[in-house]
Amino acid sequence: MSWQGSSDAPPSARIGSLSPSLQPGERRVAEAIVADRSGTVERTAQELADAVGVGRTTVIRAAQSLGYEGYPQLRVALAQELALEGSTRDATGADAGDGTLVGSVRAGVQRFGARLGHTVSALTEESVGAFVRGLDEADRVLVIANGLSSSLGLDLVLRLNSAGRPAEMLMDSISQQISARLLGAGSVCVVLSGSGANRSTLEAMRAAKASGARVLAITSFARSVLADEADVVLVVPPINESFQDELIHTSRAALMLLTEQLVDQLITHRGDRGRDAQAAAVSMLGGGLHE
C-alpha cells in the first residue's frame, strides 16, 4: 500500500505519516532521507542504499511506498520541498533566535508556522467532503478522544454545538464504549487520535462500528490502526516528521486548526441552518459579556 493522500504532499509530510508502518529497511531509508534531505537530492539510489546499508531495490520500494513512481521522482520532490522551505525561511526568519527564552519561543513558533502547509497536504477533496457530509447528515454525533487528544475532542464538541450540530463526548473510557455501542446506523463516531493507536480510543471506535455507525477519523499517521479501520480518514502529518516526535512532543496545534476549519466548512455546507445557528451562538456569547 502506498501513499493515498494528496499528490501535492511533500516528501517530509509523507514520511511523517507513513514511516511507522514502512518495512524496516524502507523505514531506515526514510529516516536517512529526513536526516539529510539535501544530501539525498545529490545521491543516486545506489549511493543512498550503500549509506543506509540496504539493497538498491529497498530504496526504490521506499520511494514507491511514499507514492512516487521511483527514486528519481522522490529526489525531484525533495528538491522542490527544500526550495520552498528556503523561500519561506527567508521571508519569515524562521531560524532566527537571540538566545533568550522569548527568542527561543518566537523561533519555535516561526518554525512551526513555516511547516503548517504540510499539515494539510495529505487532505483530499473526497475525504474532506465525506467528513463534512457525514457530520451534517448524522442522526447522532459522538466524539471519541483520549489522552492528550481529549482537549481536541472537547473543543470540537463545543464548536459543533455552537454551529447547530449537536454532539456529545464522554471522558470515561468504559462510558465511551457503552455510548458508542448504542449509536446505531445513521449515526457517526468522530475519533481524534494523533498516534492512531490509543487503546481506549480504538476500543470505542470498534464498538461504534459494531453498532452500525460510521467512523470519521482524524489522525497523524496514514497507516495507523485507526486509519485502517475508519470509514473516512483525514491525515494531518506531524509537524516534526516522525512517530517518535509525535509521542514526545505530542503537538495538537495542527489538528486543532483542522477541526476549526472543518466546523467552518460544515456551517457553510448547511447554508441558512448553519448561519442561523452561528448567529444564535454569537448572540448568546454577547449577552454573557459585562463591562
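Up top you'll find the structure we're talking about.
Residues numbered from 1 in each chain as written. Predicted model: local features only at pLDDT ≥ 70, side-chain atom pairs only at ≥ 80, totals over all residues. Heavy atoms only, no water.

Notes on the overall build of the protein chain
Helices and strands together make up the secondary structure of the protein chain, namely 16 helices and five strands. Across the protein chain, the fraction of contacts at a sequence separation of at least 24, relative to all contacts at a separation of at least 6, is 71%. Summed over all atoms, the accessible surface of the protein chain reaches about 14,100 Å², with 53% contributed by carbon and sulfur. (Helix = DSSP H or I, 4+ residues; strand = E, 2+ residues; numbered from the N terminus. Contact = heavy atoms within 4.5 Å. Areas by Shrake-Rupley, 256 points an atom, 1.4 Å probe, with all protein chains shown as cover.)

Focus on the pattern of salt bridges
Tallied over the entire structure, the rule returns 10 salt bridges. Note that Glu 81 is salt-bridged to Arg 37, the shortest N-O span being 3.5 Å. Of this pair, Glu 81 sits in helix α6 (residues 71–92) while Arg 37 sits in helix α3 (residues 37–42), placing them 44 residues apart in sequence. Neither Glu 81 nor Arg 37 differs from the other in exposure class; each is buried. In this structure, Asp 155 and Arg 159 form a salt bridge, with 2.8 Å as the shortest nitrogen-oxygen distance. Placement of both Asp 155 and Arg 159 in helix α10 (residues 150–162) is noted, with a separation of four residues, approximately one turn of the helix. Residue Arg 159 is classed as partly exposed on the basis of its relative accessible area of 31%. Members of the salt-bridge network, linked through shared partners, are Asp 136, Arg 270 and Arg 273. (Salt bridge = Lys/Arg side-chain N within 4 Å of Asp/Glu carboxyl O. Buried < 20%, exposed > 50% of the residue type's maximum accessible area, 1.4 Å probe, protein only.)

Interpretation in functional terms is not warranted from these geometric data alone.
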